[in-house]
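Reading the structure
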Amino acid sequence: MSLSRRELLKGSTAEETCHIASMVVQCLPQKLAATAAALEAIDDLEVPERDERGKLVVLIEAVSEATLMQRITQIENTAGVISANMVYHQLD
């Protein structure tokens, strides 16, 4: 498959793909519950683990690079989030 640079940056591919990513998100400890609830409201996103110090494990399953990047941006822009770091990314 041959993609142009523009198609690649937009996440446009002809093949069906599945992106699975995990992130560690640090949030304000006093806003842990509200931040976790806001993150879980985002499509394609799950928060399976959290601790009282404000760390959350976030799992994302997306159909394209563009969708994955949108979810990361949404995480970063969520109230109470201090930082978001990708730990793992797999493309199937």
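See above for the structure.
First, a word on what this report is: a plain description of the structure on this page. (Residues numbered from 1 in each chain as written. Predicted model: local features only at pLDDT ≥ 70, side-chain atom pairs only at ≥ 80, totals over all residues. Heavy atoms only, no water.)

**A few points about the pattern of salt bridges**
Counted under the stated rule, the structure contains three salt bridges. Arg-50 is the partner of Glu-40 in a salt bridge, and the nearest nitrogen-oxygen pair spans 3.5 Å. Residue Glu-40 is located in helix 2 (residues 32–40), and its partner Arg-50 is located in strand 2 (residues 45–50); the two are separated by ten residues in the primary sequence. Measuring nitrogen to oxygen at the nearest pair gives 2.8 Å for the salt bridge that ties Asp-51 to Arg-53. The buried category is assigned to Asp-51, whose relative accessible area is 16%. By relative accessible area, Arg-53 is classed as exposed at 55%. (Salt bridge = Lys/Arg side-chain N within 4 Å of Asp/Glu carboxyl O. Helix = DSSP H or I, 4+ residues; strand = E, 2+ residues; numbered from the N terminus. Buried < 20%, exposed > 50% of the residue type's maximum accessible area, 1.4 Å probe, protein only.)

**A short note on helix 2**
When helix 2 is considered as a whole, its buried residues turn out to be Leu-32, Thr-35, Ala-36 and Leu-39. On an axial view of helix 2, the arc spanned by its buried residues comes to 100°, and they lie on one face. Facing away from the buried side of helix 2, by more than 90 degrees, are the exposed residues Ala-33 and Ala-34. Against the buried residues of helix 2 lie strand 1 (19–27), strand 2, strand 3 (55–62), helix 3 (65–76) and strand 4 (81–91). (Arc of directions from axis to C-beta. Contact = heavy atoms within 4.5 Å.)

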